Amino acid sequence: MFSAKRNPESSEAETVSPVVTIFRCRARPFLTVIGGPEFLSQLAAILTPLNYTPDSDSVQVADFDAAMVGTHTVVVIDGSIREAVELSERMGADVPKILVSGETDFAFRARCARAHVSAIVSEPIEQTELIQWLEYLGGMYHEQPASVLLVDDDPLTSEVYAELLRTKGLIVSVLNDPFRIIQALDSVRYDIIIMDMQMPGTDGIEVAKVVRQFKAHIAVPILFLSAEEDETIQMKARHFGGDDFITKRTDLDAIATLVQLRVQRARVMRALIERDGLTGLVDHLRFKERARHELARANRTKSPFCMAMIDVDHFKRVNDSWGHQVGDHVLSTLARGLTGWLRRTDLVGRYGGEEFAVILLDTTPEAVFDVLDRFRQHFATVAFDGDTEAFSVTVSIGIAGSEGCDDVAMLFAEADRALYRAKNSGRNQVVMAPRCGSAIAVSTTPSTVPGDEIFTPAVLDSSRIGTRS
């Protein structure tokens, strides 16, 4: 895994004045980086391939005002500078802050906790760890409104609670038939289930047991909302799959706050459990589950989405020439570069080996073609350190749209077929399958296949999908 490390013999804290620089990225939180030139160079080496660009202007720490930090930024502080902890304290508790330091003892970390440091990243900095902290502290795990499934057999009561929760910004679906809960969970991915205890023919504990029998639903939080006040029954509900139990006499604001906290925690835990260890992306199994959910949603709402398959060209040569650690760095950089290039609503997953997959929501292959082709060109310019020499790699991309696809297997097959054509047509290109079940009719430079049309992609509104600054 790639890491960045400063010269251990340097004494940056003693010899240079640290500065404050802003790194900007369309699809990620902005960063305010505080440190000396070597620290800024280290961060730039990690962040630039991920579509971050530094501002041209920097200010000296002596001229830095904590009020300069915006509301949508994460602060990264060089722990080797004398003012590191004091700067964190001056910025207050509301600003998320990452301190980069090799210190590990409890006394130092307790001092950082008192100074409102949110996270400490050890040196050498590992790219994946840093980016995962940025995603978490930047709100990417909980910025979307919580999606709630409210299970209650009483239509009137359930709608009353649903409307009250919606006024708090929650997205609430109501299920009055508890026997249909598995179908409901299979069609939509909910962040939390709020369930009544007493229902005709069953009860909340039994329904929770059924939900927990499915691996796909074992981690979804279940919150019991009931008039039941028997502590023995409440504890039993928690024992058999419930995460919490609150009575219907509880203040609505408190219920809404508890739901939000449970959702935030569940999203963080889900991200840790479901993600590939090297790249931090969702793994093969979770990606396919999400694809099934999105295809079901597209069929209900008639909103199209796209699947893209991305493969590193000649990846075996990278491992053979420069070793597997460098190869891992290439994969990690590609993963983070894709995530930074696309919209936050899009999903990037590691499909296997050097192959990645992307779900691009509410759009068509024609609309995303140019975006992915520009990413292909951008990634080819990224320089990797092969110890003895710098090198670059290219990627091939296949795109398929959901329109006309009967199932997820067909969608994956069409995207994979387009990728196969891109590889066989010379690599380093994007090929699009116009619709499921049709012959591939689109290819791009550098080479074409006789009989294929050359597609001139429509320009996508840059406010919808990120472009390199």
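What you see is a predicted model; the values in this text were computed from it and never measured.

When its secondary structure is counted, the protein chain shows 15 helices and 25 strands. Across the 469 residues that make up the protein chain, the buried fraction comes to 51%. Taking the contacts inside the protein chain whose residues are at least 6 apart along the sequence as the reference set, 65% of them involve residues at least 24 apart.

What follows covers the pattern of salt bridges. On inspection of all chains with the given rule, the structure shows 15 salt bridges. Measuring nitrogen to oxygen at the nearest pair gives 2.5 Å for the salt bridge that ties arginine 166 to glutamate 163. Of this pair, arginine 166 and glutamate 163 both sit in helix H6 (residues 155-166), 3 residues apart, which is roughly one turn of the helix. The class for arginine 166 is partly exposed, based on a relative accessible area of 29%. According to the relative accessible area criterion, glutamate 163 is partly exposed, its value standing at 42%.

All right, on to the sheet that holds strand S12 (residues 192-195) then. With parallel pairing, the 5 strands of this open sheet are ordered in space as S11-S10-S12-S15-S16. Edge positions in the sheet fall to strand S11 (171-175) and strand S16 (244-247), since each has one partner strand and no second. Sheet twist, expressed as the average angle between the axes of neighbouring strands with direction ignored, equals 25°. Pairing geometry for strand S10 (residues 147-151) and S12, over 4 bridges, is parallel. From the neighbouring strand, valine 148 faces S12, where its bridge partner is isoleucine 192.

Taken as a whole and assessed by the stated rule, the structure comprises 7 aromatic pairs. For the pair phenylalanine 375 and phenylalanine 379, a centre-to-centre distance of 6.0 Å together with 25° between the ring planes defines the contact as stacked. Residue phenylalanine 375 and its partner phenylalanine 379 are located together in helix H14 (residues 365-379), separated by 4 residues, close to a single helical turn. Through pairs of rings, three or more aromatic residues link up here, namely Trp322, Trp341, Phe375, Phe379, Phe384 and Phe391.

We now examine the packing of helix H2 (residues 37-47) against helix H5 (residues 127-137). Remark: H2 packs on H5, axes separated minimally by 11 Å, with the N-to-C direction vectors making an angle of 85°. Between H2 and H5, the angle falls in the class roughly perpendicular. Of the residues in H5, those in contact with Leu43, Ile46 and Leu47 of H2 are Gln127, Leu130, Ile131 and Leu134. Partitioning the contact of H2 with H5 into residue classes produces 6 nonpolar, 1 polar and no charged.

Attention shifts here to the confidence of the model for the protein chain. With 84% of its residues at a pLDDT of 70 or more, the protein chain shows a mean pLDDT of 79. Confidence drops under a pLDDT of 50 for residues 8-15, and excluding neighbours within four residues, the segment shows 13 contacts in the predicted structure. Overall, residues 437-469 carries pLDDT values under 50, and its contacts beyond four positions in sequence, including any with other chains, amount to 87 contacts.

A few words on the packing of helix H12 (residues 315-322) against helix H13 (residues 324-341). One can describe the packing of H12 onto H13 by two numbers: an axis separation of 7 Å at closest approach and a directional angle of 140°. Viewed along their axes, H12 and H13 adopt a mutual orientation that is oblique. Here Phe315, Val318, Asn319 and Trp322 of H12 lie close against H13, whose contacting residues are His324, Val326, Gly327, Val330 and Leu331. Of the residues that constitute the contact of H12 with H13, the class distribution is 6 nonpolar, 3 polar and no charged.

Cut-offs and rules
- Residues numbered from 1 in each chain as written.
- Predicted model: local features only at pLDDT ≥ 70, side-chain atom pairs only at ≥ 80, totals over all residues.
- Heavy atoms only, no water.
- Helix = DSSP H or I, 4+ residues; strand = E, 2+ residues; numbered from the N terminus.
- Buried < 20%, exposed > 50% of the residue type's maximum accessible area, 1.4 Å probe, protein only.
- Contact = heavy atoms within 4.5 Å.
- Salt bridge = Lys/Arg side-chain N within 4 Å of Asp/Glu carboxyl O.
- Pairing = 2+ DSSP bridges.
- Axes fitted to C-alpha atoms, helices over the stretch in contact; angles between N-to-C directions.
- Phe/Tyr/Trp six-rings, centres within 6.5 Å; stacked < 30°, edge-to-face > 60°.
- Parallel < 35°, antiparallel > 145°, perpendicular 65-115°, else oblique.
- Nonpolar A, V, L, I, M, F, W, Y, C, P; charged D, E, K, R; others polar.
- pLDDT = per-residue confidence, 0-100.

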